[in-house]
Amino acid sequence: MRRSPVRDFLVGCFVLVGIAAIAYLSLRVGGLASGPPGGFTVYATFDEIGGLKPRAAVVVSGVKVGQVKSIALDKTYRARVEMDLDPHVQLPVDTSASIVTSGVLGDRYIQLQLGGDPELVKNGEEVGFTESAVILERMIGKFIHNVGVDKGEKTDKKEESP
Amino acid sequence: MAFGRRPVFQDLSCRFPRSRVSVILGGSGSGKSTMLRLIGGLVGPTGGRILVDGDDVAAMSERELFQVRRKLGMMFQGGALLDSLSVYDNLALPLREQGELSEAEIADEVHDRIRAVGLDDVDALLPGQLSGGMVKRVALARAIIRRPVILLVDEPFSGLDPISTRRIETLLVDVNRRSGITMLIVSHDVPSTMRMADWITLLLPHRAVEGEPHALATSGESDVREFLGATQGAA
Amino acid sequence: MSVAWVQDLGAIALGFVSDLGRFGGFTAHLARVTFAPPLRLRAFVDEVYKLGVLSIIIITVCGLAVGMVLGLQGYNTLARFGATNSLGAVVGLSLIRELGPVLTALLATGRAGSATAAEIGTMVATEQLDGLRMMSVDPVHYVVMPRTYAMIVVMPLLSAMFIVMGLFGGYLVGAGLMGVDGGAYLSSIESSIDFYDDVLGSLLKALVFGVLVGLIATYRGYTSAPTSAGVSASTTSTVVVGSVTILLVDYVITALWGV
């Protein structure tokens, strides 16, 4: 093959464009490593985590401050979630962690509601309060059950009063 | 020696004299090119030994063959030049791959061979831009660039007009006389064979006959004489 | 009753297995010579040009077209559930997980794969590979190696380009034509696609396909019969075998990756 600087240039461009495409997909679309630096470990124990997965976001006031590192069952069979947070975040010990859903059918993530206690959570400690995940199916089931009970009560009352 | 189920030749034994021009003659399908490929180790025999300067190539692995081939040069029928490389790069390739010479030394060797085959100013041309005769010359230059001991030539005159044929014939003999390379030439052209060969190996349908040209031409066996005399048009 | 067909079937099966064996030997040979000098960087760059740069047009145009179709089809389906804001997710997930790597590989097999097989096959037919052997040059090292590695490198790059063009195509149709909010489209993509689950698997698939197509195309060319019919047969075989292999391996990877 003849040495052709034009060819080499085109190959270089091709490779650059390809890498740019991969980078776009990985960083902007896929969200790779776009989060804040970690290092600050905080735990939260829930009765029910719903569909929460590792690498789910941990959010304060709508801003991502870290992600879920791991999830395990503790001795009382409650779910202990390990969160890897930005070391600059300061959490009072009465902070509440709740598991919320993005949208109606979206992924689960953890939302931290800061408390007012002057004492702060230290590395490796637990958050004060937790609110478990809401399971949609159970809510619907409850709703249907309540409707049935109401109806039953009404008819009973009707029968009672002459 | 057989390809699949079709035997090309059986029970063949022949030898070629050192530093001489030997021509392997035979009709089409007689297996002349196959013999050349056997010697070069490009195909393996179904049985027997092939001794090249003392080494049995029939029993060698591909890696061992690479070493033996340093002593060989092969000029292919169609040239077999790499059509994406210039003439210069084609000739330089074996030297570059060997990795023992500098670019300047390679340039000297390349230009020396180009002159030796009677060409000039062809460095930058591509094989596709060469005439038939020029392709043969370049192929010859490439075959001798590593100064081989034995040169294998496959049908050097195929596709050439009578004048070009004479030229290539003269060139081959010239190379042999000047450098003493043992030449094994496969050909179907009897007149040029009779002119240039020191030794002839004739492959006939059921046997092989070898000897000096004159001896064979006046052989007692009729089919030998017939083959050599049949195309005895222009002597 | 004639049982000749049983024999034929057996012969085909045996032929298939021994062909597979030869392919394995070929791959092993390539692996063995890969790290031997010289590096053949120039040849590698030339091959990246032939396989990659020359495929850009077909990849970007098809990527755009596929993205547009996905946008259209996706919109029609989502509109029934009033969920058109998730169009980005639908287009993105389809492209990244499956259509990007698979379609890119199929297109590459057809264009670059067949070109490689034809090129090498022609070299066999014109005795160029034998010529190399006689000069003590290993044809696998000289011809096959740069082409195979170029294909491996090129495939993920082309796949990513295909996907990006597809996302754009979906945007053109969704936001430009059907009235989906552009911002919703983009954020829907970003929120539903995870690097580890989706993008990494996509790149991995593209890489594996690159290896397969590279090996199949060069193998077919290398073992082609030294006639024009032989070259033609090896080119066709590259496309057929390559395409089927891609689709089968795609299933295996998808199942294993858990995507």
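Given the structure is predicted, the values throughout are model-derived calculations rather than measurements. (Residues numbered from 1 in each chain as written. Chains lettered and ligands numbered in written order. Predicted model: local features only at pLDDT ≥ 70, side-chain atom pairs only at ≥ 80, totals over all residues.)

## Quick look at the overall build of chain C
- Helix and strand counts for chain C stand at 9 helices and 0 strands.
- Walking chain C from its N terminus toward its C terminus, one meets helices and strands in the order α-α-α-α-α-α-α-α-α.
- Considering only C-alpha atoms, chain C reaches an extent of 65 × 60 × 30 Å along its principal axes.
- When each of the 259 residues of chain C is scored for burial, the buried share is 50%. (Helix = DSSP H or I, 4+ residues; strand = E, 2+ residues; numbered from the N terminus. Buried ≥ 20, exposed ≤ 12 C-beta atoms within 10 Å, placed from the backbone.)

## A look at helix H3 (residues 56-81) of chain C
Residues and elements named next belong to chain C.
- Look at H3: 37 Å from first C-alpha to last across 26 residues, which is about the 38 Å you get at 1.5 Å a residue.
- Among all positions of H3, only Ile59, Gly63, Val66, Gly67, Met68, Leu70, Gly71, Gly74 and Tyr75 are buried.
- On its buried face, H3 is in contact with helix H4 (87-125) and helix H6 (139-177).
- One or two steps after H3, the chain reaches Gly82, where phi turns positive at roughly 65°. (Expected span 1.5 Å × (residues − 1). Contact = placed C-beta atoms within 7 Å.)

## As for the nonpolar core
- By size, the foremost hydrophobic cluster in this structure holds 133 residues, and its most contacted members are A:Leu25, B:Ala139, B:Val153, B:Ile185, C:Val154 and C:Met161.
- It is H6(C) that contributes the most residues to this core, 21 residues altogether.
- By size, the runner-up hydrophobic cluster in this structure holds 21 residues, among which are A:Val42, A:Val68, A:Ala97 and A:Val127. (Core = buried A, V, L, I, M, F, W, Y, C linked by C-beta atoms within 7 Å.)

## Some details on the sheet that holds strand S8 (residues 182-187) of chain B
Residue and element names in this part refer to chain B.
- Taking strand neighbours across the sheet as the criterion, the 6 strands line up as S6-S7-S8-S3-S9-S10 in an open arrangement whose pairing is mixed. The open sheet has two edge strands, strand S6 (72-75) and strand S10 (208-211), and neither has a second partner. Direction aside, the axes of adjacent strands within the sheet are offset by 15° on average.
- Relative to S8, strand S3 (residues 21-26) runs parallel, the two being bridged by 5 bridges. When the bridges of S8 are listed, Ser22 appears paired with Leu184. (Pairing = 2+ DSSP bridges. Axes fitted to C-alpha atoms, helices over the stretch in contact; angles between N-to-C directions.)

## Quick word on the interface of chain C and chain A
- Tallying the contact residues gives 26 residues for chain C and 21 residues for chain A.
- When residues of the side of chain C that touches chain A are traced back to their parent elements, those giving at least two are helix H2 (41-51), H4, H6, helix H7 (182-192) and helix H8 (195-222) of chain C.
- With 7 residues, H6(C) is the single largest residue contributor to the side of chain C that touches chain A.
- Each residue belonging to the side of chain C that touches chain A can be placed in one class, and the counts come to 19 nonpolar, 3 polar and 4 charged. (Nonpolar A, V, L, I, M, F, W, Y, C, P; charged D, E, K, R; others polar.)

## Structural notes on helix H1 (residues 4-33) of chain C
- A rise of 1.5 Å per residue sets the reference length of H1(C), with its 30 residues, at 44 Å; its end C-alpha atoms lie 43 Å apart and thus fit the reference within 8%.
- Along H1(C), only 1 of the 30 residues are buried, which leaves the element largely exposed.

## Quick look at the pairing of S10(B)
Residue and element names in this part refer to chain B.
- In the sheet, strand S9 (residues 199-203) pairs with S10 via 4 bridges, with the strands oriented antiparallel. Paired with Leu202 across the bridge in S10 is Val209.
- Connecting S9 to the next strand, S10, in antiparallel fashion are 4 residues.

## Quick notes on the pairing of S3(B)
Residues and elements named next belong to chain B.
- Taking burial as the measure, the 6 residues of S3 include 6 buried ones, the bulk of the element.
- Residues Val21, Val23 and Leu25 of S3 are buried on one face, and the alternating residues Ser22, Ile24 and Gly26, pointing to the opposite face, are buried as well.
- Sheet topology note: the S3/S9 ladder contains 5 bridges and is parallel. Bridge pairing links Gly26 to Leu203 in S9.

## Re the sheet that holds strand S7 (residues 125-126) of chain A
Residues and elements named next belong to chain A.
- Pairing is mixed in the open sheet, where 8 strands are placed in the order S7-S1-S4-S3-S2-S6-S5-S8. Strands at the two margins of the open sheet, each flanked by one partner only, are S7 and strand S8 (129-131).
- As defined by bridge partners, strand S2 (residues 57-60) adjoins strand S3 (residues 63-73) across 4 bridges and the pair is classed as antiparallel. Bridge pairing in S3 links Val59 to Lys64.

Structural measurements only, silent on function.
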